[in-house]
Amino acid sequence: MTTHLDLELAAALAAIVLHVSMPAVVCRRLAGGGDGTSTGGMLTTTAANLHHLHLFMHDEHTGPTPTAVLIVNGTGAPVTGDVRFGDTVVMDNVLTEGPTRDSRQVGRAQGTYVTTSLPREGPPAMLVSMNLVLTAGSTVTVVGRNDVTLPVRELAVVGGTGRFRMATGYVLWKTRSWRPKSAVLELDVYLRTTA
Ligand SMILES: *[C@@H]1O[C@H](CO)[C@@H](O)[C@H](O)[C@H]1NC(C)=O
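Because the structure is a prediction, the values reported are computed rather than measured. (Residues numbered from 1 in each chain as written. Predicted model: local features only at pLDDT ≥ 70, side-chain atom pairs only at ≥ 80, totals over all residues.)

A. Main features of the overall build of the chain. Looking only at helices and strands, one finds one helix and 13 strands in the chain. Ordering the α and β elements of the chain from the N terminus gives α-β-β-β-β-β-β-β-β-β-β-β-β-β. Counting only contacts in the chain whose residues sit at least 6 apart along the sequence, the fraction spanning at least 24 positions is 50%. (Helix = DSSP H or I, 4+ residues; strand = E, 2+ residues; numbered from the N terminus. Contact = placed C-beta atoms within 7 Å.)

What follows is the structure, given as structure tokens:
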């Protein structure tokens, strides 16, 4: 049976090394707690208003505490495997600083993803709508397309609150690891704020 997670695996297997070019300015890693809103080692500020968040999201569909649940079954012929047009997952996934689940938790990814590609009309893809709810209190709102056949998917940052008020930017989304019914996604969030 092919699931969303198998699609993530397919993406992982197709993964290539991506070279992300950073602005040619000196990167300054914020000291934890320095300004009262710092989110710790996962946040780098590369200029007064340019930020990079490096996060790992744990998409857990099984186990004692699943954090992602299929709430709507789609319709029609399978898009791939047993994934169908309209399949809807709601998530409250854990975000950590490192790739393992016991790494320091830095927030939650709360939102939904919906399979929005018709069968045979293109690659399987989902619409992702989520808030990255950071432990320090700020949020980043992400909306975008997750074409699971791509090694790196790009989604839009459409807003934020707190430290990230007025944020705009993008997320580079990769599958870091996969096991049955569970995936770890690596998110590089690049955003600009007004101050
Ligand atoms: C979706 O379909 C599967 C397989 O028929 C079923 O096990 C599951 O309960 C359904 N889920 C929902 C939310 O309808």
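B. Up close: the pairing of strand β10 (residues 139-147). With nine bridges joining them, strand β9 (residues 125-134) and β10 adopt antiparallel strand pairing. Paired with Ser-129 across the strands is Val-143, a residue of β10. Hairpin connection, β9 to β10: the antiparallel pair is bridged by four residues, and Gly-137 has positive phi, about 115°. Of the pairings in the sheet, the one linking β10 to strand β11 (residues 153-161) comprises six bridges and is antiparallel in character. Its bridge partner being in β11, Thr-139 is matched across the sheet by Thr-161. What sits between β10 and β11 in their antiparallel hairpin is a turn of five residues. (Pairing = 2+ DSSP bridges.)

C. Focus on the site of the ligand. Residues in close proximity to the ligand include Leu-70, Ile-71, Val-72 and Asn-73, which together make up its full environment. A per-class count over the shell around the ligand returns three nonpolar, one polar and no charged. (Near = placed C-beta within 6 Å. Nonpolar A, V, L, I, M, F, W, Y, C, P; charged D, E, K, R; others polar.)

D. Layout of the nonpolar core. Leu-55, Val-140, Val-142 and Val-189 are the most contacted members of the largest nonpolar core, which has 34 residues in total. Looking at this core, the elements that each hand over two or more residues are β3 (50-60), β7 (88-96), β8 (105-115), β9, β10, β11, β12 (168-179) and β13 (182-192). Not counting chain neighbours up to four residues away, the residues in contact with Val-140 comprise Leu-132, Val-157, Gly-160, Phe-164, Ala-167, Val-189 and Leu-191. (Core = buried A, V, L, I, M, F, W, Y, C linked by C-beta atoms within 7 Å. Buried ≥ 20, exposed ≤ 12 C-beta atoms within 10 Å, placed from the backbone.)

E. The environment of Pro-124, seen in detail. For Pro-124, the location among the structural elements is in the loop between β8 and β9. Separated by 25 residues in sequence, Pro-124 and Thr-149 place their C-alpha atoms 7.2 Å apart.

F. Local environment of unusual backbone geometry. A positive phi is found at Arg-120, a non-glycine position, where the angle reads about 70°. Take Arg-120: it is sitting in the loop between β8 and β9. Exposure remark for Arg-120: the 7 C-beta atoms within 10 Å place this residue in the exposed category. If you check the backbone angles, Met-166 has positive phi at about 70° while not being a glycine. Following the sequence through the fold, Met-166 ends up in the loop between β11 and β12.

G. Fine view of the environment of Asn-131. Examined against the element boundaries, Asn-131 turns out to sit in strand β9. On the basis of neighbour counts, which here come to 17 C-beta atoms within 10 Å, the residue Asn-131 falls in the partly exposed class. A C-alpha to C-alpha distance of 8.5 Å links Asn-131 and Gly-160, two positions 29 residues apart in sequence. Filtering out sequence-adjacent residues up to four positions away, Asn-131 remains in contact with Gln-110, Gly-111, Thr-139 and Thr-141.

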